[in-house]
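Listed here are the chains, written in short residue letters.
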Amino acid sequence: MHTLSTLGKYLDQPRLVGQFTKKVPYILIGGGVVETFLHTKKAPDKEKKDEFIRTAAVMTGSIGSALLATRGIKKLGIKGLSAQIDLEKLKANNNKLTNNFLEKNKTSPTTEAILNKAKNKIIKFKEINHIYNELQPTKKGKDLLSKLIPEPANVTSKEIFKEIKRLSLMGLIPVIGGIAGGIAGDKITDKNWKEKVPNKIKEGAYQYLANIFLCNVGAGIALEIMEKAKITSKKARAIGMIIGIGTVGVLGGSAIANCIGKNLINPILNKNKKEKTTSNLIDIAIQNKSNEKEEAQNLYAERKPEALDIGLHLDDIATVAVLSGLKWIEPSLPMLYSISGYRAGIGYRNGKETNNNK
């Protein structure tokens, strides 16, 4: 069996996916605590308390809403947008499948031992390779393997747009949560907190449109084009979706987000400001022109590299993987989408104002 195929099967084991899913909340909360500590440590002594409150509020809003979106709250009957694997039911199912197969089919002692292990444990990389090499050539063996580790489905464009709707909502909720947390933190620590709200909402629009929604749409459009061209290769579909994400999301998303911020968000949030007198219209026009130029530069300028920035690009690849049917990627989406929520909460896109928005 090819090494990449073996790796894919190893990562897509339902038990591995289920166990990883259970650990995601702890990873997210732990990462949030570390990031809050680092931000607080870097702040001047007089600002440490306020920095802690602001960062903790943003982290709570973005991480909490990301987990709520994906996992829901079972006790309150709130269903999450991401399917959860019941490990006990999985164990019972694997026991039944394996026992039925071994009763009616002869295998090597090694394969039998691996299949018995698969009832309630994760199979190792080499073990995956061994059982596939032995069992896949036979019809009954292939059928067993497809039930133990289901194959990624080649979904249609119609089905993919349902998935895009789900993933887009899954990404929107952490962005809204991050903005809400950022506003709450500012309200506690800064009497001029209202002045920072527009930056958070503009960054939220940028994060959602450029990094989540339009990337998903680009992948869906590319898939629909390939479907009409009768392209069924999973590799070609994945490459096509990446190209769709790049053209619609990465290139078009920034421009659209900037346009919405300038023509919709700014007028709404600034409508209560005093009207300027006609005596300084020239100064206003010059200042507005300067602001537009600076805004465009900020929009496309390269940001200072940080560890969290990696997530802004990883979620695009994760989207392709999820839409391609790979199960092991989806549990990581709360971690990736909460980064966008965090950026929205601190109003990150406004370069010179970043420190004031943390």
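Everything numeric here is computed off the predicted structure, so don't read it as measured data.

### Some thoughts on empty space enclosed by the protein
Next up, step 1: If you walk through the whole model with that rule in mind, you get 1 cavity of 30 Å³ or more.
Next up, step 2: In this model, the largest cavity occupies a volume close to 100 Å³.
Next up, step 3: Along its surface, the largest cavity is lined by Gln13, Pro14, Arg15, Leu90, Asn94, Ala118, Lys121, Ile123, Leu148 and Ile149.
Next up, step 4: Across the lining of the largest cavity, the residue classes break down as 6 nonpolar, 2 polar and 2 charged.

### With respect to the pattern of salt bridges
Next up, step 1: By the definition in use, this model includes 8 salt bridges.
Next up, step 2: Residues Glu127 and Lys117 are paired through a salt bridge, measuring 3.0 Å at the closest nitrogen-oxygen approach. With a gap of 10 residues between them, Glu127 in helix α6 (residues 125-135) and Lys117 in helix α5 (residues 109-117) connect regions that are remote in the sequence.
Next up, step 3: Given the relative accessible area of 22%, Lys117 is considered partly exposed.

### Some thoughts on the nonpolar core
Next up, step 1: Residues Leu167, Leu333 and Tyr337 are the most contacted members of the largest nonpolar core, which totals 16 residues.
Next up, step 2: At the level of secondary structure, the elements contributing two or more residues to this core comprise α8 (157-189), α9 (197-228), α12 (310-323) and α13 (333-346).
Next up, step 3: Each residue touching Leu333, except ones within four places of it in the same chain, is listed here: Leu167, Met170, Ala318 and Val322.
Next up, step 4: The next biggest cluster of nonpolar side chains, apart from the first, holds 15 residues, and it includes Leu97, Ile123, Leu135 and Leu144.

### Some thoughts on the side chain of Thr6
Next up, step 1: Tracing the backbone shows Thr6 in helix α1 (residues 3-11).
Next up, step 2: On the accessibility criterion, Thr6 (0% relative accessible area) is buried.

### Notes on the environment of Thr138
Next up, step 1: Looking at the element boundaries, Thr138 is found in the loop between α6 and α7 (139-148).
Next up, step 2: Looking at Thr138, the relative accessible area reads 40%, which means it is partly exposed.

### Brief notes about a nonpolar patch on the surface
Next up, step 1: Where nonpolar side chains cluster on the molecular surface, the patch consists of Leu68, Ile73, Leu76 and Ile78 and spans about 350 Å² of accessible area.
Next up, step 2: Position of Ile73 among the secondary structure elements: in strand β1 (residues 72-73).
Next up, step 3: The class of Ile73 is partly exposed, set by a relative accessible area of 34%.

### Some thoughts on the side chain of Gln13
Next up, step 1: Inspection of the secondary structure puts Gln13 in the loop between α1 and α2 (14-42).
Next up, step 2: In this structure Gln13 touches Ile122, Ile123, Ile128 and Ile149, once residues within four positions along its chain are discounted.

### With respect to the packing of aromatic side chains
Next up, step 1: Per the counting criterion, the structure on display carries 1 aromatic pair.
Next up, step 2: Relative to Phe213, the ring of Tyr208 has its centre 5.8 Å away and its plane inclined at 20°; by these criteria the two rings are stacked.

### Considering helix α4 (residues 87-104)
An α-helical turn contains 3.6 residues, so a residue and the one three or four places further along point in the same direction.
Next up, step 1: End to end, α4 covers 26 Å across 18 residues, agreeing with the expected 26 Å (1.5 Å per residue, within 8%).
Next up, step 2: Among the residues of α4, Leu87, Leu90, Asn94, Leu97, Thr98, Phe101 and Leu102 are the ones counted as buried. The buried residues of α4 occupy an angular sector of 120° when projected down its axis, which confines them to one face. In α4, the exposed positions that point more than 90 degrees away from the buried face belong to Glu88, Lys89, Lys96, Glu103 and Lys104.
Next up, step 3: Contacts from the buried residues of α4 go to α2, α5, α6 and α7.
Next up, step 4: The opening residue of α4 is Asp86, an N-cap whose side-chain oxygen sits 3.0 Å from the backbone nitrogen of Glu88.

### A look at the environment of Ala69
Next up, step 1: Relative to the elements of secondary structure, Ala69 occurs in helix α3 (residues 48-71).
Next up, step 2: Considered as a pair, Ala69 and Lys79 are 10 residues apart in the sequence and their alpha carbons are 8.4 Å apart.
Next up, step 3: Those residues within four positions of Ala69 in sequence are excluded, and the remaining contacts are Gly80, Leu81, Ser82, Met170 and Ile173.

### Section: the confidence of the model for the chain
Next up, step 1: Across the chain, pLDDT averages 80, with 77% of residues at or above 70.
Next up, step 2: Within the model, the stretch residues 274-306 combines pLDDT values under 50 with 24 contacts to residues more than four positions away or in other chains.
Next up, step 3: In the model, residues 350-358 has pLDDT below 50 throughout and makes 18 contacts with residues more than four positions away in sequence or in other chains.

Reading the values: the criteria
- Residues numbered from 1 in each chain as written.
- Predicted model: local features only at pLDDT ≥ 70, side-chain atom pairs only at ≥ 80, totals over all residues.
- Heavy atoms only, no water.
- 1 Å grid on protein atoms, 1.4 Å probe; cavity = no way out; pocket = protein on both sides within 12 Å on 5 of 7 lines; lining within 4 Å.
- Points joined across faces, edges and corners; volume = space filled by probe spheres on them.
- Nonpolar A, V, L, I, M, F, W, Y, C, P; charged D, E, K, R; others polar.
- Salt bridge = Lys/Arg side-chain N within 4 Å of Asp/Glu carboxyl O.
- Helix = DSSP H or I, 4+ residues; strand = E, 2+ residues; numbered from the N terminus.
- Buried < 20%, exposed > 50% of the residue type's maximum accessible area, 1.4 Å probe, protein only.
- Core = buried A, V, L, I, M, F, W, Y, C linked by side-chain atoms within 4.5 Å.
- Contact = heavy atoms within 4.5 Å.
- Patch = residues over 30% accessible without salt bridge, like charges linked within 9 Å, V, L, I, M, F, W, Y side chains within 5 Å.
- Areas by Shrake-Rupley, 256 points an atom, 1.4 Å probe, with all protein chains shown as cover.
- Phe/Tyr/Trp six-rings, centres within 6.5 Å; stacked < 30°, edge-to-face > 60°.
- Expected span 1.5 Å × (residues − 1).
- Arc of directions from axis to C-beta.
- Polar contact = N/O pair within 3.5 Å; in protein donor to acceptor, adjacent residues only side chain to side chain.
- pLDDT = per-residue confidence, 0-100.

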